[in-house]
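# Results of the structural survey
Here are the chains, one letter per residue:
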Amino acid sequence: MTREQKKLLDELRAVDFTLVETVLYLDAYENCEEALAYYHKQHARREMLAKEYERLYGPLTAAGNVSRTSWDWTKEPFPWEYDAN
Amino acid sequence: MWIYEKKLQYPVKIKNPNPALANVIVSQLGGPDGELGAATRYLNQRFSMPKGKVMGILTDIGSEELAHMEMIGAILYQLTRNIDPEDIVGTPFAGYFVDHTTGVYPSSAAGVPFDNKYTGVKGDALADLNEDLAAEQKARVTYDNILRMVDDPDVRDPIKFLREREIVHYQRFGDALRLTMDELDCKNIYAFNPSFDK
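Overview of the structure.

Rules used throughout
Residues numbered from 1 in each chain as written. Chains lettered and ligands numbered in written order. Predicted model: local features only at pLDDT ≥ 70, side-chain atom pairs only at ≥ 80, totals over all residues. Heavy atoms only, no water. Helix = DSSP H or I, 4+ residues; strand = E, 2+ residues; numbered from the N terminus. Rg over C-alpha atoms; globule rule 2.2 N^0.38 Å. Buried < 20%, exposed > 50% of the residue type's maximum accessible area, 1.4 Å probe, protein only. Contact = heavy atoms within 4.5 Å. Areas by Shrake-Rupley, 256 points an atom, 1.4 Å probe, with all protein chains shown as cover. Lys, Arg positive; Asp, Glu negative; His and termini not counted. Charge placed at Lys NZ, Arg CZ, Asp CG, Glu CD. Axes fitted to C-alpha atoms, helices over the stretch in contact; angles between N-to-C directions. Parallel < 35°, antiparallel > 145°, perpendicular 65-115°, else oblique. Left-handed = near helix turned anticlockwise from the far one by under 90°. Nonpolar A, V, L, I, M, F, W, Y, C, P; charged D, E, K, R; others polar. 1 Å grid on protein atoms, 1.4 Å probe; cavity = no way out; pocket = protein on both sides within 12 Å on 5 of 7 lines; lining within 4 Å. Points joined across faces, edges and corners; volume = space filled by probe spheres on them.

### A look at the overall build of chain A
- Scanning chain A for helices and strands turns up two helices and zero strands.
- Over its C-alpha trace chain A gives a radius of gyration of 15 Å, far above what one expects of a compact globule, namely 12 Å for 85 residues.
- In terms of overall dimensions, chain A has a C-alpha envelope of 45 × 30 × 20 Å along the principal axes.
- The buried share of chain A, reckoned over its 85 residues, is 38%.
- Pairs at least 24 apart in sequence give 46% of the contacts found in chain A among residues at least 6 apart.
- When the accessible surface of chain A is split by element, carbon and sulfur atoms take 54% of a total near 5500 Å².
- Averaging the locations of the 11 positively and 16 negatively charged side chains of chain A gives two centres separated by 8 Å.

### Description of the packing of helix H1 (residues 3-28) of chain A against helix H4 (residues 52-79) of chain B
- Direction vectors running N to C along H1 of chain A and H4 of chain B enclose 160°, while the axes themselves pass 8 Å from each other. One finds that H1 of chain A runs roughly antiparallel with respect to H4 of chain B. Judged by the twist between their axes, the crossing of H1 of chain A over H4 of chain B is left-handed. For the pair H1 of chain A and H4 of chain B, the contacting residues are Val 20, Val 23, Leu 24, Asp 27 and Ala 28 of chain A in the first and Lys 53, Gly 56, Ile 57, Asp 60, Ile 61 and Glu 64 of chain B in the second.
- Among the residues making up the contact of H1 of chain A with H4 of chain B, the classes are represented as six nonpolar, one polar and four charged.

### Here's the deal with the layout of surface pockets
- In this model, the largest pocket occupies a volume close to 1200 Å³.
- Lining the largest pocket are 30 residues; nearest its centre among them are Val 20 of chain A together with Ile 3, Glu 5, Lys 7 and Ser 63 of chain B.
- Among the secondary structure elements, those contributing two or more residues to the lining of the largest pocket are H1 and helix H2 (33-57) of chain A together with H4 of chain B.
- Of the residues belonging to the lining of the largest pocket, the class tally is 15 nonpolar, six polar and nine charged.
- Looking at the second largest pocket, its volume works out to about 300 Å³.
- Residue lining of the second largest pocket: 20 residues in total, with Gln 5, Tyr 53, Tyr 57 and Pro 77 of chain A together with Lys 6 of chain B positioned closest to the centre.
- Residue assignment for the lining of the second largest pocket shows that the elements contributing at least two residues are H1 and H2 of chain A.
- The element contributing the most residues to the lining of the second largest pocket is H1 of chain A, with three residues.
- Class assignment for the residues of the lining of the second largest pocket results in eleven nonpolar, three polar and six charged.

### Some details on the side chain of His 169 of chain B
- Among the structural elements, His 169 of chain B can be located in helix H8 (residues 153-182).
- His 169 of chain B gets classed as buried once you look at its relative accessible area, which sits at 0%.
- With residues up to four places along the chain from it excluded, the contact list for His 169 of chain B reads Leu 24 of chain A together with Ile 61, Glu 64, Glu 65, His 68 and Glu 136 of chain B.

### Examining unusual backbone geometry
- Cis rather than trans, the peptide bond between Glu 76 of chain A and Pro 77 of chain A has omega equal to 5°.
- Note on placement: Pro 77 of chain A falls in the segment after H2.
- The backbone of Asn 82 of chain B shows a phi angle near 55°, a positive value even though the residue is not glycine.
- The residue Asn 82 of chain B is located in the loop between H4 and helix H5 (85-88) in this model.
- Exposure remark for Asn 82 of chain B: the relative accessible area of 75% places this residue in the exposed category.
- Backbone geometry places Thr 101 of chain B, a non-glycine residue, at a positive phi of 50°.
- Taking the relative accessible area as the measure of exposure, Thr 101 of chain B reaches 47% and is therefore partly exposed.

### Considerations on the packing of helix H3 (residues 35-45) of chain B against H4 of chain B
Residue and element names in this part refer to chain B.
- Two numbers describe how H3 lies on H4: the axes approach to 8 Å, and their chain directions differ by 160°. If you check the angle between H3 and H4, you find them roughly antiparallel. In the crossing of H3 with H4, the sense of the turn from one axis to the other is left-handed. Counted together, Glu 35, Leu 36, Ala 38, Ala 39, Tyr 42, Leu 43 and Gln 45 of H3 and Leu 58, Thr 59, Ile 61, Gly 62, Ser 63, Glu 65, Leu 66, His 68, Met 69 and Ile 72 of H4 form the full contact between these two elements.

### A look at the environment of Lys 51 of chain B
Residues and elements named next belong to chain B.
- Structurally, Lys 51 can be placed in the loop between H3 and H4.
- Among the residues examined, Lys 51 registers a relative accessible area of 32% and is labelled partly exposed.
- Sequence separation between Lys 51 and Glu 183 is 132 residues; the distance between their C-alpha atoms is 8.8 Å.

Here it is in structure tokens:
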């Protein structure tokens, strides 16, 4: 994995982590306006980063195979490999 | 349903394989307080919860536990890569190796295969949520014990992340218990099963 790919992947993981935390918080505190606004802000950023990642480095989900000519979903490395992190 | 995302929740990048560590860390996959038990516990308890908010908390935490199973699997996989079988004769990992080679098999540190007894579904919202509060604390203690034995920063880093998640989940299960208690029928002063005795 190149330095650039790792940087983008780490950014995506970080924003996804903020979403995991915010979703759990909103489950319990649904009336918190600040949390809901933060959720929408982070979600927009997540969508942007995920789209960019899939365009450059291949699908994050099986539905994200951007290429019309190659099946990239099963390309290595898989997430548990040393080189994938 | 679920959709798989091809990335770990938090990176696992271990330079130096160390099968002896895998032999204790495997408990957080298939041991009594491991991630497999946590995922099955929460995802099955959901069905008998009386309130949408609590169904949501169990769904979201249960799903996160699946991502934690994958992280523990990645730790075990990387700790046991490129090993020489002759080097593990007489080590704690030898017994695991002879039964499972370097496959990722859910068992406890003592070698007991995963047991569905760890799942803990009682079909009573209050019993189940109290179980979950205890489960998060027990998992946190297990991570503390692993951290007492591990020096390698490459291994400590993802284990510390997982330990912190136990603390956050404990907070959210506290909220879930409070939300359930707040909405009990006011005549149900002893908090009998709100999932069944409606």
